[in-house]
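If you want the building blocks of each chain, they are given just below.
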Amino acid sequence: QVQLVESGGGLVQPGGSLRLSCAASGFIFSAYHMRWYRQAPGKERELVAHISNTGGSTNYADSVKGRFTISRDNRKSTVSLQMNSLKPEDTAVYYCNAVFFIDSKYNYWGQGTQVTVSS
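Position numbers for residues count from 1 along each chain, tracking the sequence in the order it is written. For a predicted model such as this one, the threshold for reporting local features is a pLDDT of at least 70, and the threshold for listing and counting side-chain atom pairs is 80 or more; totals across whole chains, interfaces and linings nevertheless cover every residue. With hydrogens and water excluded, all non-hydrogen atoms of the structure serve as input to the side-chain values.

A. Region of interest: the pairing of strand β8 (residues 78-83). Under the scheme applied here, a residue whose accessible area is under 20% of the maximum for its type counts as buried, over 50% as exposed, and between as partly exposed, the area being computed with a 1.4 Å probe on protein chains only. Here a strand is any run of E in DSSP of at least two residues, a helix any run of H or I of at least four, and the numbering for each starts at the N terminus. Most of β8 is tucked away, with five of its six residues classed as buried. Here, any two strands with at least 2 DSSP bridges between them count as paired. By the bridge criterion, six bridges tie strand β3 (residues 18-25) to β8 in an arrangement that is antiparallel. The partner of C22 across the bridge, within β8, is V79. Where strand β7 (residues 68-73) folds back onto β8 in an antiparallel hairpin, the turn is made up of four residues, including S77, whose phi is positive at roughly 55°.

B. Focus on the pairing of β3. Taking every second residue as pointing to the same face, the buried face of β3 carries L18, L20, C22 and A24, while none of R19, S21, A23 and S25 on the other face is buried. Here strand β1 (residues 3-7) runs beside β3; their pairing, made up of five bridges, is antiparallel. Across the sheet, V5 pairs through a bridge with A23, a residue of β3.

C. Quick peek at the sheet that holds β3. Spatial ordering of the open sheet is given by β1-β3-β8-β7, a layout of four strands whose pairing is antiparallel. In the strand order of this sheet, the two ends are held by β1 and β7, each with one partner. The average angle at which neighbouring strand axes cross in this sheet is 15°, direction not considered. To define axes, lines are fitted to C-alpha atoms, for helices over the stretch in contact only, and angles between the resulting N-to-C directions are given on a 0 to 180 degree scale.

D. Broad picture of the nonpolar core. If you look at the biggest cluster of nonpolar residues, it comprises 30 residues, and the most contacted ones within it are M34, W36, V79, L81, M83 and Y94. Those elements that provide at least two residues to this core are β3, β4 (32-39), β5 (46-51), β7, β8, β9 (92-100) and β11 (113-117). Any two residues whose heavy atoms approach within 4.5 Å at even a single point are treated as in contact. Once residues within four sequence positions are removed from consideration, Y94 is found in contact with E6, L20, W36, Y37, R38, V48, F68, L81, M83, G112, T113 and V115. We define a nonpolar core as any set of buried Ala, Val, Leu, Ile, Met, Phe, Trp, Tyr and Cys residues linked to one another through side-chain atoms lying within 4.5 Å.

E. Structural context of the pattern of salt bridges. A carboxyl oxygen of Asp or Glu within 4 Å of a side-chain nitrogen of Lys or Arg is what we treat as a salt bridge. Under the definition given, this model contains five salt bridges. The closest approach of N and O atoms between E46 and R38, which form a salt bridge, is 2.6 Å. Overall, the relative accessible area of 6% leaves R38 in the buried class. When the shortest N-O distance is used, the salt bridge between D90 and R38 registers 2.9 Å.

Right under this line is the structure:
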């Protein structure tokens with residue numbers, strides 16, 4: 001059974017930091033690119049960060065470049081998103097996504113974790 005379980009969300013003040021984690025099980029983690037998406041109320045889901053299946057390549061949305069860092073541990077089947085210098089506009093539900101590196105039609109989603117940036 002495939003599972004992606006996010007954790008680490010919460011309430012933080014502007015300028016603060018949070019680290020999201022996603023624990024994967026039920027599939028060959030090292031064969032999947034991993035992504036973090038987010039969806040704010042009334043907005044479409046947007047891709048925040050991507051890391052290749054080997055961890056050798058990363059990409060970020062312009063809005064988070066220089067503030068967020070995605071990383072993965074293929075031995076532990078986990079992917080993380082370190083978020084620094086958080087802004088109110090970063091408030092959203094953050095989702096972990098796994099995409100098979102050969103065929104993107106095979107992909108899985110976590111249930112999401114809420115991040116709220118507010119004073």
